[in-house]
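Here is how the chains run, residue by residue.
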Amino acid sequence: MQKAESSSKIKTYYELTKPKIWYLLVFTAFGAAIVASKIYSVEVSPLTWVLMLFGVAAGSASANTLTNYHDRDIDAIMERTKGRPIPSGRISPPERARDFGLVLAGISLACAFAISYTAGFWNGIWAGTFMAFGLINNVLVYSHALKRRSRANIILGGLCGGSPPMIGYAAVTLQGLWDLGLVMAGLVFIWIPMHIWALTLHFKDDYNKVNVPMLTAVQSEKTSVRVIAISTLVMVLFSVVPFFLSTESGEPVMREVYLYTAIASGALMLALSFWVIAKPSEKASWMLFKFSSPYLAVLFIALMVDSALR
């Protein structure tokens, strides 16, 4: 009986971290590390992999947990979120969730800075800095300062999405960090508004119920679908940027494998966004939202494959 209760508690806290979100973020960190390793022929030690991947997982889980704690009042009202561990009472008192999130944050920072001992001093310093930035931007800037006050919340608060790729890249090398590394971080940053706006259009009544001014929830449906289409177009155009980058020696960073994948997957996303414009509906916006996560994953898979074929 006690064993079953312990298992149930573990599952509840695991659910609290929103694993579907941090799975993807860890994957972008992994992808950035693979790309940096292949392009610059850097061998990554097993311990560096462990510190980087576990650190990003803990950091992302921490941010999700702490934002869940902060949003527990509105989560209890929204239909989409009222079954979450805190508003449903499965974690009580809520301060247990807060403490769990803070512990995860400490672990993530310790892992990131510890990369200094496995990959190089400045590699760890930068990895730790990006980790700290991601936590601060997500928890304090997005959740506490902007989410309930500004319709630009997901834009300024979405900068944290670029942290995992930067951490993964910095854990391997600092070469190209501020061009290729930054562009991979940009892919996630630009993807976030399109992804979230498609979701909030689908659940706009929920957000209006709790007075959270997500852009596509407070704007008219006509304006919202245009915003989603424009943000999708920006994402698709930006996705081809890696093809035009080159290393310090003048060698192209990415070749046709990545370019063709970016164009093909981008065309699908544009088609879905145009469908949302042509037939604005919850079904259309939900379909765009569901395809957006695999789309980002495909881009990072293409980056890894292309770099491996060099």
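For the structure itself, look to the data block above.
Residues numbered from 1 in each chain as written. Predicted model: local features only at pLDDT ≥ 70, side-chain atom pairs only at ≥ 80, totals over all residues. Heavy atoms only, no water.

Peer 1: Quick rundown of the environment of Ile 115? Include the residues and the values.
Peer 2: For Ile 115, the location among the structural elements is in the loop between helix 5 (95–114) and helix 6 (121–146). Considered as a pair, Ile 115 and Ile 125 are 10 residues apart in the sequence and their alpha carbons are 8.0 Å apart. Non-local contacts of Ile 115, meaning those with residues more than four positions away in its chain, are made with Leu 51, Met 52, Gly 120, Asn 123, Gly 124, Ala 127 and Ala 171. (Helix = DSSP H or I, 4+ residues; strand = E, 2+ residues; numbered from the N terminus. Contact = heavy atoms within 4.5 Å.)

Peer 1: Lay out the nonpolar core in plain terms, naming residues and giving numbers.
Peer 2: Soluble globular proteins tend to pack their nonpolar side chains together in the buried interior. Counting 88 residues, the largest nonpolar core has Trp 191 and Met 235 as the members making the most contacts within it. Ranked by the residues each element gives to this core, the list is headed by helix 9 (residues 177–202), at 16 residues. In this structure, Leu 16, Ile 86, Ile 91 and Ala 97 belong to the second largest nonpolar core, which totals 5 residues. (Core = buried A, V, L, I, M, F, W, Y, C linked by side-chain atoms within 4.5 Å. Buried < 20%, exposed > 50% of the residue type's maximum accessible area, 1.4 Å probe, protein only.)

Peer 1: Could you give me a rundown of the environment of Ser 220, with the residues and numbers involved?
Peer 2: Tracing the sequence through the fold places Ser 220 in the loop between helix 11 (215–218) and helix 12 (221–239). The partly exposed category is assigned to Ser 220, whose relative accessible area is 40%. Along the primary structure Ser 220 and Glu 282 are separated by 62 residues, whereas in three dimensions their C-alpha atoms are 14 Å apart.

Peer 1: Break down the packing of helix 6 against helix 8 (residues 163–170) for me, with residues and values.
Peer 2: At a closest axis distance of 8 Å, the pairing of helix 6 and helix 8 adopts a crossing angle of 170 degrees. As judged from the angle between their axes, helix 6 and helix 8 are roughly antiparallel. Counted together, Asn 123, Trp 126, Ala 127, Phe 130, Met 131, Phe 133 and Gly 134 of helix 6 and Ser 163, Met 166, Ile 167 and Ala 170 of helix 8 form the full contact between these two elements. (Axes fitted to C-alpha atoms, helices over the stretch in contact; angles between N-to-C directions. Parallel < 35°, antiparallel > 145°, perpendicular 65-115°, else oblique.)

Peer 1: Give a description of helix 12 that names residues and reports values.
Peer 2: Here helix 12 contains 19 residues, and its C-alpha end-to-end distance of 27 Å stays within 8% of the 27 Å for a straight helix at 1.5 Å per residue. Within the span of helix 12, buried status applies to Ser 224, Val 225, Ile 228, Ala 229, Ser 231, Thr 232, Met 235, Val 236 and Ser 239. The buried side chains of helix 12 occupy one side of the element, clustering within an arc of 165 degrees when seen end-on. With respect to the buried face of helix 12, the exposed residues turned more than 90 degrees away are Lys 222, Ile 230 and Leu 237. Buried residues belonging to helix 12 abut helix 9, helix 11, helix 13 (256–278) and helix 14 (282–308). (Expected span 1.5 Å × (residues − 1). Arc of directions from axis to C-beta.)

Peer 1: Please give an account of the packing of helix 2 (residues 19–39) against helix 3 (residues 46–70) that cites residues and values.
Peer 2: Running from N to C, helix 2 and helix 3 point in directions that differ by 150 degrees, and their axes come no closer than 9 Å. Here helix 3 runs roughly antiparallel to helix 2, going by the angle between their axes. The handedness of the crossing between helix 2 and helix 3 is right-handed. Of helix 3, the residues touching helix 2 (which contributes Ile 21, Trp 22, Leu 25, Val 26, Ala 29, Phe 30, Ala 33 and Ile 34) are Trp 49, Met 52, Leu 53, Val 56, Ala 57, Ser 60, Ala 61 and Asn 64. Class assignment of the residues belonging to the contact of helix 2 with helix 3 gives a composition of 14 nonpolar, 2 polar and no charged. (Left-handed = near helix turned anticlockwise from the far one by under 90°. Nonpolar A, V, L, I, M, F, W, Y, C, P; charged D, E, K, R; others polar.)

Peer 1: Can you explain the pattern of salt bridges? Please cite residues and give values.
Peer 2: Within the structure shown, the criterion is met by 10 salt bridges. A salt bridge links Lys 147 to Asp 71; the shortest N-O distance between them is 2.8 Å. Of this pair, Lys 147 sits in the loop between helix 6 and helix 7 (153–156) while Asp 71 sits in the loop between helix 3 and helix 4 (72–75); the two residues are 76 residues apart in sequence, bridging distant segments of the chain. In this pair, the class of Lys 147 matches that of Asp 71, namely buried. Between Glu 221 and Lys 204 there is a salt bridge whose closest N-O contact spans 3.6 Å. Of the two residues, Glu 221 is situated in helix 12 and Lys 204 in helix 10 (residues 204–209); the sequence distance between them amounts to 17 residues. The exposure class of Glu 221 is partly exposed, given its relative accessible area of 34%. Lys 204 sits in the partly exposed class, given a relative accessible area of 22%. A cluster of three or more residues bridged by salt bridges with shared partners is formed by Asp 71, Asp 73, Lys 147 and Arg 148. (Salt bridge = Lys/Arg side-chain N within 4 Å of Asp/Glu carboxyl O.)

Peer 1: Quick one: what's the story with unusual backbone geometry, residue by residue and with numbers?
Peer 2: Among all residues except glycine, the phi angle is most often negative; among peptide bonds, the trans geometry is most common. Looking along the chain, the bond that leaves Ser 92 and enters Pro 93 is cis, with omega of 0 degrees. Within the fold, Pro 93 resides in the loop between helix 4 and helix 5.

Peer 1: Before we move on, can you summarise the side chain of Ser 231 with the specific residues and values?
Peer 2: In this structure, Ser 231 sits in helix 12. Assessed through its relative accessible area of 9%, Ser 231 is described here as buried.

Peer 1: Please provide a residue-by-residue account of helix 13, values included.
Peer 2: Between its first and last C-alpha, helix 13 extends 32 Å over 23 residues, near the 33 Å set by a 1.5 Å rise per residue. Of all the residues in helix 13, the buried ones are Tyr 258, Leu 259, Ala 262, Ser 265, Gly 266, Met 269, Leu 270, Leu 272, Ser 273 and Val 276. Of the surrounding secondary structure, the elements contacted by the buried residues of helix 13 are helix 9, helix 12 and helix 14.

Peer 1: So what about the side chain of Asn 153? Which residues, and what values?
Peer 2: Here Asn 153 shows up in helix 7. Looking at Asn 153, the relative accessible area reads 0%, which means it is buried. A polar contact is formed between the side chain of Asn 153 and the backbone oxygen of Lys 147, at a distance of 3.0 Å. The residues touching Asn 153, leaving out its near neighbours within four places in the chain, are Tyr 142, Leu 146, Lys 147, Gly 158, Pro 213 and Met 214. (Polar contact = N/O pair within 3.5 Å; in protein donor to acceptor, adjacent residues only side chain to side chain.)

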